[in-house]
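Close look at the chain arrangement
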Number of protein chains: 2
Amino acid sequence: MKFQKYKKEETYSYTLGAFPTLELIKTKKETIIAIFIHPSFNNQEVINKIYNNVDSNLIFKDEKIFSKLSNKENVYIIGIFKKYEMHLDKNMNHVLLDNPSDMGNLGTIIRSSLGFDFLNIAIIEPGVDIFNPKVIRASMGSFFLCNIEYFHSLEDYLKKYSEHTLYSFMLQTDIKLSSFKFDKNKLTTLAFGNEAHGLDKKYLKYNPIIIKHSALIDSLNITNALTIALYEFDKQIKE
Amino acid sequence: MKFQKYKKEETYSYTLGAFPTLELIKTKKETIIAIFIHPSFNNQEVINKIYNNVDSNLIFKDEKIFSKLSNKENVYIIGIFKKYEMHLDKNMNHVLLDNPSDMGNLGTIIRSSLGFDFLNIAIIEPGVDIFNPKVIRASMGSFFLCNIEYFHSLEDYLKKYSEHTLYSFMLQTDIKLSSFKFDKNKLTTLAFGNEAHGLDKKYLKYNPIIIKHSALIDSLNITNALTIALYEFDKQIKE
């Protein structure tokens, strides 16, 4: 078996490092194609977890693949897995990202979303490739616990998940998150736009909300803004 | 004048890109040693702003310095400036970071802090070098608007800023941020620990607070956690 550096067109992707690989083994074992262990890796606890949970025919000791697939020096475990299709759970709350363009941000967003029990993320195209190893790495392995689904347009999303109430985080409104009350009885979608230009004004129809910040900065980083929204929502539904 | 790739021991640092360089010119003009403009840069508005605000003897058109100081391809303006000393404003609220180790995170923390009117950041050593161009870049130029001061220990900080009430964000407590009430009449310090191991248990003496998240993740990213704290504090003082 030959594995190449990640390409979007390929049918497989991979985890870099022990932590996300263990998460892969725990939650998406059936997708595993191969696990590579660097010959110099000697954390016996991790090695045991791998051998106890993965078919030994799929486990390889190999050195060359590490320099081929990883730019980082501290990677000693790689898990190759078959890409899989996901659909959002229609009975749970969603995060919606319209045109996300940064892989590191997406990974961090996944981690924060899971941190507040949002396990379903809609992406309105164009958007970054979720299977890129950089996304998986930035998510600290939480990638494997969530459902991510692409949509050609907001309309496609709304058609498929018509029971959800959309809240649009954007600057073109005076309705502040800090005094906003979410409707706790409805299925919720928290929507965020692109890192550089935010949500399009067509989202003004869907409960626009602003997270106010001082005039000293142009904008909050998108992952920070989204995490604030998740925190405030979570606080209200637990009140 | 010869400028080298950034070194901690050097007396100068630099901004990479037009945006942080304009922020440098706007707020810390007196520290500028040289501004370099790439010969292929043709944004006349930015060029005019530079010439209108900086002594023309300090402005250079040069190509070689860009490959020397920057790894990124899209940098066309560099501002070299003399490092300067800062002290925290004792009449304003502070963020305190004990042993921050990631330059990108620190830059993002600076941006979020300014976004909620925290312009003063204490760093308990060891901590990353704040003048590293990576910090300045990640702060999107907001670096130049804030005061950052290093302290050998928490005790040194508390001695110097004894009027401040410290709130310690950590996992070893049951006091949740979502139901916590800050004392609005006191000068406030919001304290956060290292990315990997958080605040030391000695901070338990200083109003420990936990930001609760689901069991699906190990921890929130530090910049996200800190931004939640800033948001909640800001919301309460504006109520």
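Structure: see above.
A few points about the nonpolar core
Judged by nonpolar contacts, the single largest core of 133 residues is most densely connected at Ile-80, Phe-143 and Phe-169 of chain A together with Ile-80, Phe-143 and Phe-169 of chain B. Beyond its immediate stretch of four places on either side in the chain, Phe-169 of chain B contacts Leu-177, Phe-182, Leu-190, Ala-191, Phe-192, Leu-199, Ile-209, Ile-211 and Ala-229 of chain B.

Brief notes about the pattern of salt bridges
Residue and element names in this part refer to chain A. This model, assessed by the stated rule, comprises ten salt bridges over all chains. The salt bridge involving Glu-149 is made with Lys-160; its shortest N-O contact spans 2.6 Å. Remark: Lys-160 occurs in helix α6 (residues 154-160) and Glu-149 occurs in strand β7 (residues 147-151); sequence separation between them is eleven residues. Assessed through its relative accessible area of 7%, Glu-149 is described here as buried. A salt bridge links Lys-202 to Glu-155; the shortest N-O distance between them is 4.0 Å. Of the two residues, Lys-202 is situated in the loop between β9 (188-192) and β10 (208-209) and Glu-155 in helix α6; the sequence distance between them amounts to 47 residues. The class of Lys-202 is partly exposed, set by a relative accessible area of 34%.

Description of the environment of Leu-96 of chain A
Residue and element names in this part refer to chain A. Of note, Leu-96 is situated in strand β5 (residues 94-98). Owing to a relative accessible area of 0%, Leu-96 belongs among the buried residues under this scheme. Considered as a pair, Leu-96 and Thr-189 are 93 residues apart in the sequence and their alpha carbons are 6.5 Å apart. When neighbours within four sequence positions are excluded, Leu-96 is seen to be in contact with Ala-122, Ile-124, Leu-154, Tyr-157, Leu-166, Thr-189, Leu-190, Ala-191, Phe-192 and Tyr-203.

So, the environment of Phe-66 of chain B
Secondary-structure assignment places Phe-66 of chain B in helix α3 (residues 64-69). Spatially, the C-alpha atoms of Phe-66 of chain B and His-38 of chain B are 7.5 Å apart, while their sequence positions differ by 28 residues.

Points about the sheet that holds strand β4 (residues 77-82) of chain A
Either a parallel or an antiparallel arrangement is found when strands of a sheet pair, and the pairing is made through backbone hydrogen bonds. All names here are of chain A. A sheet is described by the order of its strands in space; here four strands give the open sequence β1-β4-β2-β3, paired in mixed fashion. Looking along the sheet, the strands with just one partner apiece sit at the ends: β1 (12-16) and β3 (59-61). For this sheet, the mean angle separating the axes of adjacent strands, direction not counted, is 20°. With five bridges joining them, β1 and β4 adopt antiparallel strand pairing. Bridge pairing in β4 places Tyr-14 opposite Ile-80. Sheet strands in contact with helix α1 (residues 18-27) are β1, β2 (32-37) and β4, and its direction is about 35° off that of β4. Along the sheet, helix α2 (residues 44-53) contacts β2, β3 and β4; its crossing angle with β2, the most-contacted strand, is approximately 155°.

The rules behind the values
- Residues numbered from 1 in each chain as written.
- Chains lettered and ligands numbered in written order.
- Predicted model: local features only at pLDDT ≥ 70, side-chain atom pairs only at ≥ 80, totals over all residues.
- Heavy atoms only, no water.
- Core = buried A, V, L, I, M, F, W, Y, C linked by side-chain atoms within 4.5 Å.
- Buried < 20%, exposed > 50% of the residue type's maximum accessible area, 1.4 Å probe, protein only.
- Contact = heavy atoms within 4.5 Å.
- Salt bridge = Lys/Arg side-chain N within 4 Å of Asp/Glu carboxyl O.
- Helix = DSSP H or I, 4+ residues; strand = E, 2+ residues; numbered from the N terminus.
- Pairing = 2+ DSSP bridges.
- Axes fitted to C-alpha atoms, helices over the stretch in contact; angles between N-to-C directions.

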